[in-house]
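Results of the structural survey
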Amino acid sequence: QVQLVESGGGLVQPGGSLRLSCAASGSILSIYTMGWYRQAPGKQRELVARIGDSASANYVADSVKERFTISRDNTKNTMYLQMSGLKPEDTAVYYCNVEVLPISGFRRGFWGQGTQVTVSS
């Protein structure tokens with residue numbers, strides 16, 4: 001079993017900051033690409049940022065460049081999304097997706113439960 005636990009969401013005023021975390025645990029042999037997605041009401045889920053297993057970001061959406069930073073700590077199997085300069089249009093449920101090779105099974109992506117981010121005054 002592989003579990004992903006997200007945390008760090010909440011209500012913040014425009015211009016504020018939040019830091020999301022996604023911790024992977026369970027029967028994990030290896031972790032590969034990790035990514036953050038978001039889904040706003042009435043919209044499709046979209047990729048926000050993605051980071052490879054070498055800990056270098058290989059994608060950041062244009063809409064969040066210069067404001068969001070993705071990082072990971074391989075010693076803790078944890079990924080982060082530092083969000084600053086938040087705007088009302090960043091309001092969404094944020095999901096992490098982690099590509100895992102379980103101890104038993106095949107390499108595939110797992111989803112977190114989602115964490116709500118609301119940007120409002």
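What comes next concerns the included structure.

Thresholds, definitions, all that
Residues numbered from 1 in each chain as written. Predicted model: local features only at pLDDT ≥ 70, side-chain atom pairs only at ≥ 80, totals over all residues. Heavy atoms only, no water. Disulfide = S-S within 2.5 Å. Helix = DSSP H or I, 4+ residues; strand = E, 2+ residues; numbered from the N terminus. Buried < 20%, exposed > 50% of the residue type's maximum accessible area, 1.4 Å probe, protein only. Core = buried A, V, L, I, M, F, W, Y, C linked by side-chain atoms within 4.5 Å. Contact = heavy atoms within 4.5 Å. Phe/Tyr/Trp six-rings, centres within 6.5 Å; stacked < 30°, edge-to-face > 60°. Pairing = 2+ DSSP bridges. Axes fitted to C-alpha atoms, helices over the stretch in contact; angles between N-to-C directions.

1. Remarks on the state of the cysteines
- Going through the model one piece at a time under the given rule, you end up with 1 disulfide.
- Residue pairing for Cys22: its cysteine sulfur links by disulfide to Cys96, the two sulfurs lying 2.2 Å apart. Here the S-S torsion is close to 60°, and the disulfide linking Cys22 with Cys96 is therefore right-handed. Of the two residues, Cys22 is situated in strand E3 (residues 18-26) and Cys96 in strand E9 (residues 92-102); the sequence distance between them amounts to 74 residues. The exposure classification of Cys22 matches that of Cys96, with both residues buried.

2. Some words on the environment of Ser63
- Structurally, Ser63 is set in the loop between strand E6 (57-60) and strand E7 (68-73).
- Spatially, the C-alpha atom of Ser63 lies 17 Å from that of Ile51, the residues being 12 residues apart in sequence.

3. Some points on the nonpolar core
- Among the nonpolar cores identified, the biggest contains 30 residues, and Trp36, Val48, Phe68, Met79, Leu81, Met83 and Tyr94 are the most heavily contacted of them.
- Taken together, the elements giving at least two residues each to this core come down to strand E1 (2-7), E3, strand E4 (28-39), strand E5 (46-51), E7, strand E8 (78-83), E9 and strand E11 (115-119).
- The leading source of residues in this core is E9, at 5 residues.
- Leaving out residues up to four positions away in the same chain, Met79 has contacts with Leu20, Ser21, Cys22, Met34, Gly35, Trp36, Ile51, Ile70, Ser71, Arg72 and Cys96.

4. Section: the packing of aromatic side chains
- Taken as a whole and judged by the stated rule, the model has 2 aromatic pairs.
- Both rings, one in Tyr37 and one in Trp111, keep their centres 4.9 Å apart while their planes meet at 65°; by these two values the pair is edge-to-face. Placement of Tyr37 in strand E4 and of Trp111 in strand E10 (residues 108-111) is noted, with a sequence separation of 74 residues between them.
- Overall, the relative accessible area of 22% leaves Tyr37 in the partly exposed class.

5. Examining the sheet that holds E7
- The strand order across the open sheet formed by 4 strands is E1-E3-E8-E7, and the pairing between neighbours is antiparallel. Strands at the two margins of the open sheet, each flanked by one partner only, are E1 and E7. Averaged over all neighbouring strand pairs, the angle between strand axes comes to 15°, with direction disregarded.
- Taken together, the 6 bridges between E3 and E8 define a ladder with antiparallel strand orientation. Across the sheet, the residue bridging to Leu20 is Leu81, located in E8.

Remember, this is a structural readout, not a statement about activity or role.
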